[in-house]
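Coordinate inspection notes
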Amino acid sequence: RVFDMPIHIVSIPLEPQGQFIMIVSFCLIIISLVLSQHETIEDSRRLSHALLPPMLEDEKIEAILKQIANNWKSHFTISFKSHNPKNIAFNFEAKIHLTRIFQELIQNIYKHAQATEVTIKILIHEKHLEFIVIDNGIGFDGGKDKKGLGLKNINSRAQQLQATYSFKTNKPENGTVFTLTYYY
């Protein structure tokens, strides 16, 4: 097997010159497969990097999340508050995890919450970040709904950050409060 593809060689009686041509052809096919696999890997890498907006490297986390929130203003009334008095910057890995968590949250609010208002608070203290997202939707039963891929992604990314998080439903007013605390 080459690249987990079955290769079947059929024995055909050939003159020595024909055997040589067949072996060279077979080698060229293998070389072509190897080059094709390498190009596919390189294409995947380029695509992965293209999917990461350059702003993740250059901007502060509060600016990144605010821009994402602004993209959702046609669906919700959004209130965005940030507090970073010491102008603390986060590394790329932390920014990517926080960004993906936020994208998952806002997508879940859009798909499931039936919310009309979303409040986002990013409070950056000297040793930790508090990230709070509040919606006025129908609420969220964390016990019942924890099987979704989005929630698994949030959990996985929070674990990567060694952050803690919780979902709390505001009853009887409805809505959900997500709180993440990240010590850096």
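Residues numbered from 1 in each chain as written. Predicted model: local features only at pLDDT ≥ 70, side-chain atom pairs only at ≥ 80, totals over all residues. Heavy atoms only, no water.

Digging into the overall build of the protein chain
Broken down by element type, the protein chain carries six helices and five strands. The order of α-helices and β-strands along the protein chain, N terminus first, is α-α-α-β-α-β-β-α-α-β-β. Within the span of the protein chain, comprising 184 residues, buried residues form 29% of the whole. Restricting the contact set of the protein chain to residue pairs at least 6 apart, pairs at least 24 apart contribute 67%. (Helix = DSSP H or I, 4+ residues; strand = E, 2+ residues; numbered from the N terminus. Buried < 20%, exposed > 50% of the residue type's maximum accessible area, 1.4 Å probe, protein only. Contact = heavy atoms within 4.5 Å.)

Focus: the nonpolar core
Of all hydrophobic cores here, the largest spans 37 residues; its most connected members are Phe102, Ile120, Leu129, Phe131 and Leu180. What Phe102 contacts, discounting residues up to four positions off in sequence, is Leu65, Ile68, Ala69, Ile120, Phe131 and Val133. (Core = buried A, V, L, I, M, F, W, Y, C linked by side-chain atoms within 4.5 Å.)

Some details on the sheet that holds strand 4 (residues 164–169)
Strands sit in the order 1-2-3-5-4 across an open sheet of five strands; the sheet is mixed. Pairing within the sheet leaves two strands with one partner each, and these edge strands are strand 1 (77–83) and strand 4. Neighbouring strand axes in the sheet, compared pairwise and without regard to direction, differ in orientation by 10° on average. By the bridge criterion, six bridges tie strand 4 to strand 5 (residues 176–183) in an arrangement that is antiparallel. In the sheet register, Thr164 faces strand 5, and the bridge partner there is Thr181. Contacting strand 1, strand 2 (117–124) and strand 3 (128–135), helix 3 (residues 61–70) crosses the sheet at an angle of about 175° to strand 1. Along the sheet, helix 6 (residues 149–161) makes contact with strand 4 and strand 5, crossing strand 4 at roughly 145°. (Pairing = 2+ DSSP bridges. Axes fitted to C-alpha atoms, helices over the stretch in contact; angles between N-to-C directions.)

Digging into helix 6
In a regular helix each residue adds 1.5 Å, so 13 residues correspond to 18 Å; helix 6 covers 18 Å between its end C-alpha atoms and thus fits that length. Three or more residues of helix 6 are buried, namely Gly150, Leu151, Ile154, Ala158 and Leu161. One face of helix 6 carries all of its buried residues, which in axial projection span an arc of 100°. In helix 6, the exposed residues that point more than 90 degrees away from the buried face are Leu149 and Gln159. (Expected span 1.5 Å × (residues − 1). Arc of directions from axis to C-beta.)

Comments concerning the side chain of Thr176
Tracing the backbone shows Thr176 in strand 5. Residue classification places Thr176 among the buried positions, given a relative accessible area of 7%. Among residues more than four places away in sequence, those in contact with Thr176 are Val133, Ile134, Asp135, Gly139, Phe140, Phe167, Lys168 and Thr169.

Quick look at unusual backbone geometry
Although it is not a glycine, Asn87 sits at a positive phi angle of roughly 55°. With respect to the helices and strands, Asn87 occurs in the loop between strand 1 and helix 4 (92–113).

Description of the pattern of salt bridges
Scanning all chains against the criterion turns up one salt bridge. Measuring nitrogen to oxygen at the nearest pair gives 3.7 Å for the salt bridge that ties Glu126 to Lys86. Pair noted here: Glu126 is in the loop between strand 2 and strand 3 and Lys86 is in the loop between strand 1 and helix 4, with a separation of 40 residues, a long-range link. Classification of Glu126 by relative accessible area gives exposed; the value is 53%. (Salt bridge = Lys/Arg side-chain N within 4 Å of Asp/Glu carboxyl O.)

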